[in-house]
Amino acid sequence: AERPDIPVIMITAYGDAETRRKAIEHGAMGLLTKPIDFTILAERMDQLTQRSQGAPYQVLVVEDNTLLASHYAAVLEHAGMKVVALADPSRILDVLDDFSPELILLDLYMPQCNGIEVARVIRQDSKFIDLPIVFLSTESGRQFQLAALQTGADDFLHKPISDKDLVTAVRQRSERFRSLRELIR
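Thresholds, definitions, all that
- Residues numbered from 1 in each chain as written.
- Predicted model: local features only at pLDDT ≥ 70, side-chain atom pairs only at ≥ 80, totals over all residues.
- Heavy atoms only, no water.
- Helix = DSSP H or I, 4+ residues; strand = E, 2+ residues; numbered from the N terminus.
- Expected span 1.5 Å × (residues − 1).
- Contact = heavy atoms within 4.5 Å.
- Polar contact = N/O pair within 3.5 Å; in protein donor to acceptor, adjacent residues only side chain to side chain.
- Salt bridge = Lys/Arg side-chain N within 4 Å of Asp/Glu carboxyl O.
- Buried < 20%, exposed > 50% of the residue type's maximum accessible area, 1.4 Å probe, protein only.
- pLDDT = per-residue confidence, 0-100.

1. Comments concerning helix H3 (residues 66–78)
Item 1. With 13 residues, H3 ought to run about 18 Å at 1.5 Å a step, and its terminal C-alpha atoms sit 18 Å apart, in line with that.
Item 2. On its buried face, H3 sits against strand E3 (58–62), strand E4 (82–86), strand E5 (103–107), strand E6 (133–137) and helix H7 (163–184).
Item 3. N-capping of H3 is provided by Asn-65, with a side-chain oxygen placed 3.0 Å from the backbone N of Leu-67.
Item 4. Residue Gly-80 follows H3 closely and has a positive phi angle near 95 degrees.

2. Quick look at the pattern of salt bridges
Item 1. One pass over the structure, following the stated rule, counts 9 salt bridges.
Item 2. The residue Arg-21 makes a salt bridge to Glu-25 at a minimum N-O spacing of 2.7 Å. With a gap of 4 residues between them, Arg-21 and Glu-25 both fall in helix H1 (residues 17–25), about one helical turn apart.
Item 3. The exposure class of Arg-21 is partly exposed, given its relative accessible area of 40%.
Item 4. Its salt-bridge partner being Asp-154, residue Arg-123 comes within 3.3 Å of it at the nearest N-O pair. You can see Arg-123 sitting in helix H5 (residues 115–124) and its partner Asp-154 sitting in the loop between helix H6 (142–149) and strand E7 (155–158), a full 31 residues away along the chain.
Item 5. According to the relative accessible area criterion, Arg-123 is buried, its value standing at 14%.
Item 6. On the accessibility criterion, Asp-154 (46% relative accessible area) is partly exposed.

3. What about the confidence of the model for the protein chain?
Item 1. Looking at the protein chain as a whole, its pLDDT mean stands at 87, while 95% of the residues score no less than 70.
Item 2. At the level of individual helices and strands, the protein chain shows its lowest average pLDDT in helix H2 (residues 38–53), which scores 70, and its highest in E3, which scores 98.

Given below as C-alpha cells:
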C-alpha cells in the first residue's frame, strides 16, 4: 500500500547548505534553525498542509487538440484541480479575466497563432505578469525551447508527458504561485 505524503519539517541548530541538503535527502520539506520562531513554524506548517485543505488549484489549458485538452483536464481534475480548457487562443484574455487561473498550460503549436504569441499577449497585461505559463510541446530543440521561455514563460514540458508528471509539475508550480501571492499580500 502506498504511504500518504506526510510533511516533515526538521529543526536543527545548523542552517548551512550541507545540513539543508541532508534534510532534503531524508525527506524534509522544510528546515528551521534554533531558536524556533513559532510564527514562521506555523506559517510553514500551513503551507505544507494547504494542499489538502485549500481551494483547488485553478489551471487553464490552452490546447487546440480537443482530445488532448480533454485528457489533460480530466487528469488534473482527478487530482483535485479546477480546469478550464480553451481551444481558441484568441479568447485568452476574456477567459483569464473570468476564470483567474493560477497556472496556464499552453500548447506551443496551434493553427491560429503559436504559444509564443499567446504568452506575449498575456505578459502585456500587468495583471498577469506573475501568472505561471508552462509550454507543452513535442519540440525537442533546446534552442527553440529557450527562445520560447524568453517570452516570459516559466517552464517547458515535453509531450508526451505522463499523467503523474503532469500533475506533479502543475501542482508544484501552482503551489509556488499561490505561496508567493500570499507572501505578497
